[in-house]
Amino acid sequence: MYIQTMQPKVDTVFETCDRIWINANLATFDEAIAQPYGALSNQAIGVRAGRIVAIAPMAQFHADAVCADVVDARGGWMTPGLVDAHTHLVFAGSRAKEFEQRLLGASYEEIARSGGGIISTVRATREASVDELVVLSEPRLLALMKEGVTSVEIKSGYGLSLEGELNMLRAARKLGERHPVRVSTSLLAAHALPPEYKDDADGYIDLVCNEIIPAAVAEGLADAVDVFCEGIAFSPAQCERVFQAAQAQGLGIRAHVEQLSNLHGAALAARYGAWSVDHLEWLDEDGVKAIAAADTVATLLPGAFYFLRDTQVPPIELLRRHGVGMAVATDLNPGSSPLASLRLAMNMACTLFRFTPEEALAGASRFGAQALGLAGQAGQLKAGLQADMVLWDIDHPAELAYQFGVNLVRQRIVAGEVRNV
Ligand code: NIG
Ligand code: FE
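Here the structure is a predicted model, which is why all the values come from computation and not from measurement.

**Here we look at the coordination of the iron ion (ligand 2)**
Thought 1: For the iron ion (ligand 2), every protein donor is listed as His86 (NE2), His88 (NE2), His256 (NE2) and Asp331 (OD), and the spread of their distances is 2.0 to 2.3 Å.
Thought 2: Every donor residue of the iron ion (ligand 2) comes from the same chain, spaced as H-x1-H-x167-H-x74-D. Here His256, found in strand E10 (residues 252–257), pairs with Asp331, found in the loop between strand E13 (326–328) and helix H13 (342–353); they are 75 residues apart in sequence, far enough to count as distant.
Thought 3: Owing to a relative accessible area of 3%, His256 belongs among the buried residues under this scheme.

Dropping the structure here:
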């Protein structure tokens, strides 16, 4: 029998849902819910037209008052779909030989300076067509998706020419069209100096600003611009020119900074309102304050720290103290982080950087979304947001950062539809 509820409004909303999950525990990451993980136990969550429209305790849900498709979560945990906010997953070739060289003592920088590193991936990537790049990159994307990723950022940066960069972004867009995953693209033309511009880095930055950025924008290929601000890549002054060109075109801004040294790139990017600054091993307190003031996300990449056998730990405690939102991402790439598991990146954030499991999961959801300029659209369970969610076979959300190598996804949901991979 239908019993009148104290909150008739909630029932009304449930009646108009396309689908409702019941008996779910939610890790909402809604800042209005003052519980670890923004947790709510024993809830119903309803979606309509691809968005979350209702969240309410089971006591307020009445099965005979709704006509939607009802899925019983049987006490499982629902989280926002995972967001991998930093990947270079479109590339050709392999750098396994460099891995061997590094294990024999060569450093990442030495390999880069002797013509290997990023440039060796550029050679292989330039030779591949857009369709070949799609085929080569698909297994990496699918591996992320299988573990619960529903939004992924993909960078260019191995083309380093007008056509090479555009082709990488075209491949990234195609991947997003072919698979149930939201792809955000970043134009990382300022990743390394291509051989044609040897000794003319400023000339290459002219090409990036005057030709590559406008062409990518004209074709709708880039959501943001990215740079590698480092001794082996581009100076702060050169990166600033890229930020100015990007800002003029309305692109988001993000930057690889303070990975191998401190050039104060984070503060520079923050001055341009960057969505995210990434790596940050050498970030100092002034840099932390600058990104806190700009509400720029700090994206930590423990996979690169691990794989490069780095020892300089990013200043997590300072970031925490200044209230900086911290994202965790894979940095999936062939040179510094051949890691196609965001769950393992979360575990590494805890073991190597001393994140709490809650921070790791927030970093792979709420703050990952913010790092992509998607705050308020994805990364949380809240009415009005995209219904991108994962239902997990776990008893507690800490398990997502604790276990690795075991796939715990029961249902992967994109825009309100179950899209298991
Ligand atoms: O995020 N730091 C610069 N770029 C990549 C590495 C790219 C590569 O080595 O191919 C990174 O670590
Ligand atoms: Fe990177």
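**Considering the nonpolar core**
Thought 1: With 115 residues, the main nonpolar core has Leu319 and Phe355 as its most contacted residues.
Thought 2: Considering each element in turn, this core owes the most residues, eight residues, to helix H7 (residues 201–218).
Thought 3: Contact partners of Phe355, with chain neighbours within four places excluded, come to Leu300, Ile316, Arg320, Met326, Val328, Ala349, Cys350 and Ala360.
Thought 4: By size, the runner-up hydrophobic cluster in this structure holds 14 residues, among which are Trp21, Ile45, Ala73 and Met78.

**Quick notes on the domain arrangement of the chain**
Thought 1: If you check the domain split of the chain, you get domain 1 (7–80 + 380–418) and domain 2 (82–371).
Thought 2: Here domain 1 and domain 2 have C-alpha centroids that lie 31 Å from each other.
Thought 3: Contacts between domain 1 and domain 2 engage 27 residues on the former and 23 residues on the latter.
Thought 4: In total, domain 1 and domain 2 occlude about 2000 Å² of area from one another, counting both sides; carbon and sulfur atoms represent 57% of this.
Thought 5: Its largest share of buried area at the contact with domain 2, domain 1 owes to Phe29, Ala401 and Arg412, together 30% of the area lost on that side.
Thought 6: Across the domain 1-domain 2 interface, the total number found is one salt bridge.

**Topic: the packing of helix H5 (residues 130–146) against helix H6 (residues 162–178)**
Thought 1: H6 packs onto H5 with a crossing angle of 55 degrees between their chain directions and a minimal axis gap of 9 Å. One element, H5, and the other, H6, form an angle in the oblique class. Of the two elements, H5 crosses H6, and the hand of that crossing is right-handed. On H6, the residues touching Val130, Asp131, Leu133, Val134, Ser137, Glu138 and Leu141 of H5 are Asn167, Met168, Arg170, Ala171, Lys174, Leu175 and Arg178.

**A few points about the site of ligand 1**
Thought 1: Residues in contact with ligand 1 amount to 15 residues; listed here are only the nearest, Arg95, Tyr108, Tyr158, Gln259 and Ser336.
Thought 2: At 2.5 Å, a side-chain N or O of Tyr108 approaches an oxygen atom of ligand 1.
Thought 3: At a separation of 3.1 Å, an oxygen atom of ligand 1 approaches a polar side-chain atom of His256.
Thought 4: A class-by-class count of the residues in the shell around ligand 1 yields four nonpolar, nine polar and two charged.

**Remarks on the pattern of salt bridges**
Thought 1: This structure, assessed with the given rule, holds 21 salt bridges.
Thought 2: One salt bridge in this structure joins Glu359 and Arg320, with 2.7 Å as the shortest N-O distance. Taken together, the residues span a long stretch of sequence, with Glu359 in helix H14 (residues 357–363) and Arg320 in helix H12 (residues 316–321) at a distance of 39 residues.
Thought 3: Judged by its relative accessible area of 18%, Glu359 is buried.
Thought 4: Within this structure, Glu153, Lys155, Asp226, Arg254 and Asp278 form a network of salt bridges that share partners.

**Looking at the side chain of Arg102**
Thought 1: Within the fold, Arg102 resides in helix H2 (residues 96–103).
Thought 2: For the buried residue Arg102, which engages in no salt bridge, the nearest side chain bearing the opposite charge is Glu98, 6.0 Å off.
Thought 3: Not counting the four nearest positions on each side in its chain, Arg102 is found in contact with Ser107, Tyr108, Ile111, Phe307, Leu308 and Gly335.

**Digging into the pairing of strand E14 (residues 389–392)**
Thought 1: Where burial is concerned, the two faces of E14 agree: the one with Met389 and Leu391 and the one with Val390 and Trp392 are both buried.
Thought 2: Bridge count between strand E5 (residues 77–80) and E14: four bridges; the pairing is antiparallel. Considered in E14, the bridge of Met78 is made with Leu391.
Thought 3: As defined by bridge partners, E14 adjoins strand E15 (residues 409–414) across four bridges and the pair is classed as antiparallel. What sits directly across from Trp392, in E15, is Val409.

How each quantity is defined
For every chain, the first residue of its written sequence is number 1, and the numbers climb from 1 along that sequence. Whichever chain is written first is A, and whichever ligand is written first is 1; the rest continue in order. This being a predicted model, a pLDDT of at least 70 is required before a residue's local features are given, and a value of 80 or more before pairs of side-chain atoms are given or counted; all residues contribute to the totals for chains, interfaces and linings. Values shown for side chains rest on all heavy atoms present in the structure; no hydrogens or waters enter the calculation. Note: metal donors comprise N, O and S atoms at 2.8 Å or less from the metal (3.2 Å for Na, K and Ca); water molecules are not included, so apparent gaps in a site are possible. Only runs of H or I of at least four residues qualify as helices and only runs of E of at least two qualify as strands under DSSP, and these elements are numbered from the N terminus. To sort residues, take the accessible area from a 1.4 Å probe on protein chains only and compare it with the maximum for the residue type: under 20% means buried, over 50% means exposed, and anything in between is partly exposed. Residues enter a nonpolar core if they are buried and are Ala, Val, Leu, Ile, Met, Phe, Trp, Tyr or Cys, with the set joined through side-chain atoms within 4.5 Å. In this description, contact between two residues means that some pair of their heavy atoms is separated by no more than 4.5 Å. Marked domain ranges trace back to an automatic or database domain assignment. Once two parts are put together, the accessible area they lose, assessed with a 1.4 Å probe and summed over both, is termed the buried area. For this analysis, a salt bridge means a side-chain nitrogen from Lys or Arg found within 4 Å of a carboxyl oxygen belonging to Asp or Glu. Here, axes are lines fitted to C-alpha atoms. For helices the fit covers the stretch in contact, and angles between N-to-C directions go from 0 to 180 degrees. Roughly parallel here means an angle under 35 degrees, roughly antiparallel means over 145, roughly perpendicular means 65 to 115, and every remaining angle is called oblique. Note: crossing handedness is left-handed where the near helix turns anticlockwise from the far helix by less than a right angle, and right-handed where it turns clockwise. Proximity criterion: a residue is near a molecule or strand once any of its heavy atoms comes within 4 Å of it. Between N or O atoms, a polar contact is any pair within 3.5 Å; within protein, one atom must be a potential hydrogen donor and the other a potential acceptor, and residues adjacent in sequence are included only when both atoms are from side chains. Charged means Asp, Glu, Lys or Arg here, nonpolar means Ala, Val, Leu, Ile, Met, Phe, Trp, Tyr, Cys or Pro, and polar covers whatever is left, Gly included. We count Lys and Arg on the positive side and Asp and Glu on the negative side, and we leave His and both chain ends out. Here, any two strands with at least 2 DSSP bridges between them count as paired.

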